[in-house]
Amino acid sequence: MANKFIKESINKKDKSKRIILGALFVFIFIFGWILGRQDAKFSGYGYTPDLSGRGSSNSSVDFSVFWRAWDLLEKNYDGKLDYQKMVYGAIDGMTRAIGDPYTAFMTPEESKQLSNDLSGVISGIGAEIGIRDNKLTVIAPIDESPAKKAGIVAGDHISKINNEITAGMDINLAVSKIRGDEGSIVKLTIEKNGIEKLYEITRAKITVKSVKSEIKNKDVGYISINRFDENTTNDLKIVLNDFVSKDIDKIIIDLRDNPGGYLDESVTVASEFIKDGVIVTEKKDTLFAKNNAYKATGNGIAVSNDIKIVVLVNNGSASASEIVAGAIKDHKRGTLIGEKTFGKGSVQEIENLSNGSKMRITVAHWYTPNGKNIGKEGILPDIEVKMTEDDYNLGKDPQLDKALETLK
């Protein structure tokens, strides 16, 4: 892994990691306690800020109001205060005030859950969720998950969780309510085309393998990539070497409902099909910022133009999957079939805080080799083919059918 964690990391072991998880885990909050104060108040709780009313680079900011509010709670609140929760809540409010759904504070518990998600271990219903049009939305149900088996699809709006209305609910809170112990049941009210339906889903522990493959019609190699974790490229290489040994020269790459993952994996996966050139470019909207271009590794297995490629995408394809799809499209290496992708093109850098908590901060945005802003525009397919709920319920896959037809 020579690159970053969707920009997401130069080294996965570094304290600062950059992530491009599709639109999933959007936690948001405020800053406060670290901004200085007399340490006498906090010494008993493990905090030692040393400057009262500390300012920032913006001289117009008055932090004294924060400390005044804290003092009033300490002196007047009739009840027991949880100082750690108050600190986390302050950071929560600060990041929430920014208005960016991908800039987020994560408590130690949430940070641990994120690590589990990226390792492919999930306990819950098995669906990535995010905020879309101010609604709690299913970004991608995971293959073979309880959510997938129940018929929940990308784009579904979750209007209630256990009869609790989700309007205005923080994504972090929503995730915590949906997840739970294996064997327990969660009730989700799903809105589809303005009609609500109640689903009772039994939670399960799911270990997700990121790459699955098979040979279709005896001569087409089919590869499904459901997320970009630390093993994706290695697993893909094994599949591609098997295809080469069987003289397979037509390949379908299925990125539908793939919410993203590590940047370095998206770049190395794309490099298996693109011989050279830029895979994706990172741009920052700041003065004197330098653009970073991530190029193909130059040692891919399926880079020959004799190998025909079709990529399947839909509105559940986000982040890392959009980088791969966009690179293949711009390099004219293959044909994209399906529906417009989700459009998650911002770069998050993860910084370690204390006690296992973390901060995820949007630091840049991604552009395809031809300069398309992924976040604003998404990736359009070369051939649009929609897949309806009726198709799903009847076991039909018109998008895959079109891919097979295209490769004849």
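Rules of the game
Residues numbered from 1 in each chain as written. Predicted model: local features only at pLDDT ≥ 70, side-chain atom pairs only at ≥ 80, totals over all residues. Heavy atoms only, no water. Helix = DSSP H or I, 4+ residues; strand = E, 2+ residues; numbered from the N terminus. 1 Å grid on protein atoms, 1.4 Å probe; cavity = no way out; pocket = protein on both sides within 12 Å on 5 of 7 lines; lining within 4 Å. Points joined across faces, edges and corners; volume = space filled by probe spheres on them. Nonpolar A, V, L, I, M, F, W, Y, C, P; charged D, E, K, R; others polar. pLDDT = per-residue confidence, 0-100. Contact = heavy atoms within 4.5 Å. Axes fitted to C-alpha atoms, helices over the stretch in contact; angles between N-to-C directions. Parallel < 35°, antiparallel > 145°, perpendicular 65-115°, else oblique. Left-handed = near helix turned anticlockwise from the far one by under 90°.

**Structural notes on the environment of Asn 134**
Thought 1: Note on placement: Asn 134 falls in the loop between strand 4 (127–132) and strand 5 (135–141).
Thought 2: Taking the C-alpha atoms as reference points, Asn 134 and Met 169, 35 residues apart in sequence, are found 9.7 Å from one another.

**Observations concerning the layout of surface pockets**
Thought 1: Within this model, the largest pocket holds a volume of roughly 1200 Å³.
Thought 2: The wall of the largest pocket is formed by 43 residues, among which Val 153, Asp 257, Asn 314, Met 387 and Tyr 392 lie closest to the centre.
Thought 3: Put simply, the parts of the chain that give the lining of the largest pocket at least two residues each are strand 4, helix 4 (146–150), strand 8 (185–192), strand 11 (211–216), strand 12 (220–225), helix 10 (389–393) and helix 11 (398–406).
Thought 4: Split into classes, the residues belonging to the lining of the largest pocket amount to eleven nonpolar, ten polar and 22 charged.

**Considering the confidence of the model for the chain**
For any part of a model where pLDDT is low, the fine detail of the predicted coordinates should not be relied upon.
Thought 1: Across the chain, pLDDT averages 83, with 84% of residues at or above 70.
Thought 2: Contacts of residues 1–17 to residues separated by more than four positions or lying in other chains number 75 contacts, the stretch itself having pLDDT below 50.
Thought 3: Throughout residues 21–55 the model reports pLDDT below 50, and contacts reaching past four residues in sequence, or to other chains, amount to 124 contacts.

**Digging into the packing of helix 6 (residues 232–245) against helix 7 (residues 263–271)**
Thought 1: Following both chains from N to C, one finds helix 6 and helix 7 inclined at 20°, their axes separated by 9 Å at the closest point. Taken as axis vectors, helix 6 and helix 7 run roughly parallel relative to one another. The element helix 6 and its partner helix 7 pack so that their crossing is right-handed. The residues of helix 7 that touch helix 6, namely those facing Thr 232, Thr 233 and Leu 236, are Glu 265, Thr 268 and Val 269.
Thought 2: For the contact of helix 6 with helix 7, the per-class residue count stands at two nonpolar, three polar and one charged.

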